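# Survey of secondary and tertiary structure
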Amino acid sequence: MAILPILRWPDPRLATPCDPATPDDATRALAQDILETMYAAPGRGLAAPQVGALIRLFVMDVTWKEGTPAPRILLNPEILWSSATTATGPEGCLSIPGLTTDITRPAEIHLRWTDPEGSSREETLTGFAAICAQHEIDHLDGLITFDRLPPARRAALEAAYLAGLPA
């Protein structure tokens, strides 16, 4: 396993929609490297395009910082349903280090994905797990945190980030 370099915005690969992932040995090895990279960062989610692999794969572990590791590897995730109820809260991104901003997202989602062995899985996610999964799926679709902001807020945060100023 290896810790991989994490791409930083505005790297154009972060704006590129990803191709489907294949559950094979190479993908499983990459997923393990992405997990190791996420833990080392330290983050709670990391998508393949953030390490330069433009495939629909992300990892997440929303509880490990509280002492209960529960790593997940999701290939080709698809949101089948999202709640009308939303939650607004701070989101950070390992590809935009040092920047946190409030984002509004559905509070609950029903997700389908393929596991690393090729089996189809489904689960309803709530709370931080739902938010984290949506954030990582955005990466697979070529979207970043800035893309979820109103234009004026986006422009201000991009300018501050590029200038190295606190947001």
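Residues numbered from 1 in each chain as written. Predicted model: local features only at pLDDT ≥ 70, side-chain atom pairs only at ≥ 80, totals over all residues. Heavy atoms only, no water.

## A look at the overall build of the protein chain
Within the protein chain, the secondary structure is distributed over three helices and seven strands. Counted from the first residue to the last, the protein chain has its helices and strands arranged as α-β-β-β-β-β-β-β-α-α. For a compact globule of 167 residues, the expected C-alpha radius of gyration is about 15 Å, and the protein chain comes in at 15 Å, within 12% of that figure. Per-residue burial for the protein chain yields a buried fraction of 45% across its 167 residues. Considering only contacts within the protein chain whose residues lie at least 6 apart along the sequence, 61% involve residues at least 24 apart. Total accessible area on the protein chain stands at roughly 8000 Å², and carbon and sulfur atoms take up 55% of it. In the protein chain, the 13 positive side-chain charges and the 21 negative ones have mean positions that sit 4 Å from each other. (Helix = DSSP H or I, 4+ residues; strand = E, 2+ residues; numbered from the N terminus. Rg over C-alpha atoms; globule rule 2.2 N^0.38 Å. Buried < 20%, exposed > 50% of the residue type's maximum accessible area, 1.4 Å probe, protein only. Contact = heavy atoms within 4.5 Å. Areas by Shrake-Rupley, 256 points an atom, 1.4 Å probe, with all protein chains shown as cover. Lys, Arg positive; Asp, Glu negative; His and termini not counted. Charge placed at Lys NZ, Arg CZ, Asp CG, Glu CD.)

## Let's talk about the sheet that holds strand E2 (residues 57-60)
If you walk across this open sheet you meet the five strands as E1-E2-E3-E6-E7, and the pairing is antiparallel. The sheet is open, and its two borders are formed by strand E1 (45-47) and strand E7 (120-126), each paired with just one other strand. In this sheet, adjacent strand axes meet at a mean angle of 40° when their direction is disregarded. Of the pairings in the sheet, the one linking strand E3 (residues 72-82) to strand E6 (residues 108-114) comprises five bridges and is antiparallel in character. Note that in E6 the partner of Trp81 across the bridge is His110. On top of the sheet, helix H1 (residues 25-40) reaches E1, E2 and E3; it is set at about 40° to E2, its chief contact. (Pairing = 2+ DSSP bridges. Axes fitted to C-alpha atoms, helices over the stretch in contact; angles between N-to-C directions.)

## Some points on H1
If you check H1, its first and last C-alpha atoms are 23 Å apart, about what 16 residues at 1.5 Å a residue would give, namely 22 Å. Turning to H1, its buried residues are Thr27, Leu30, Ala31, Asp33, Ile34, Leu35, Thr37 and Met38. For H1, the secondary structure elements touched by its buried residues are E1, E2 and E3. The N-terminus of H1 is capped by Asp24, whose side-chain oxygen sits 3.3 Å from the backbone nitrogen of Ala26. (Expected span 1.5 Å × (residues − 1). Polar contact = N/O pair within 3.5 Å; in protein donor to acceptor, adjacent residues only side chain to side chain.)

## Here's the deal with the pairing of E3
Of the strand pairs in this sheet, E2 and E3 are connected by four bridges, and their pairing is antiparallel. Residue Leu57 lies in a different strand from E3, and its bridge partner there is Leu75.

## A few points about the pattern of salt bridges
What the rule picks out here adds up to 13 salt bridges. Note that Arg28 is salt-bridged to Asp25, the shortest N-O span being 2.8 Å. Placement of the pair is Arg28 and Asp25 together in helix H1, with a separation of three residues, close to one helical turn. Classification of Asp25 by relative accessible area gives exposed; the value is 59%. The closest approach of N and O atoms between Asp115 and Arg121, which form a salt bridge, is 2.9 Å. Residue class for Arg121 comes out partly exposed when judged on its relative accessible area of 40%. When salt bridges with common partners are traced through the structure, they connect Glu91, Arg105, Asp138 and Arg148 into a single cluster. (Salt bridge = Lys/Arg side-chain N within 4 Å of Asp/Glu carboxyl O.)

Any functional reading would require information that these geometric values do not contain.
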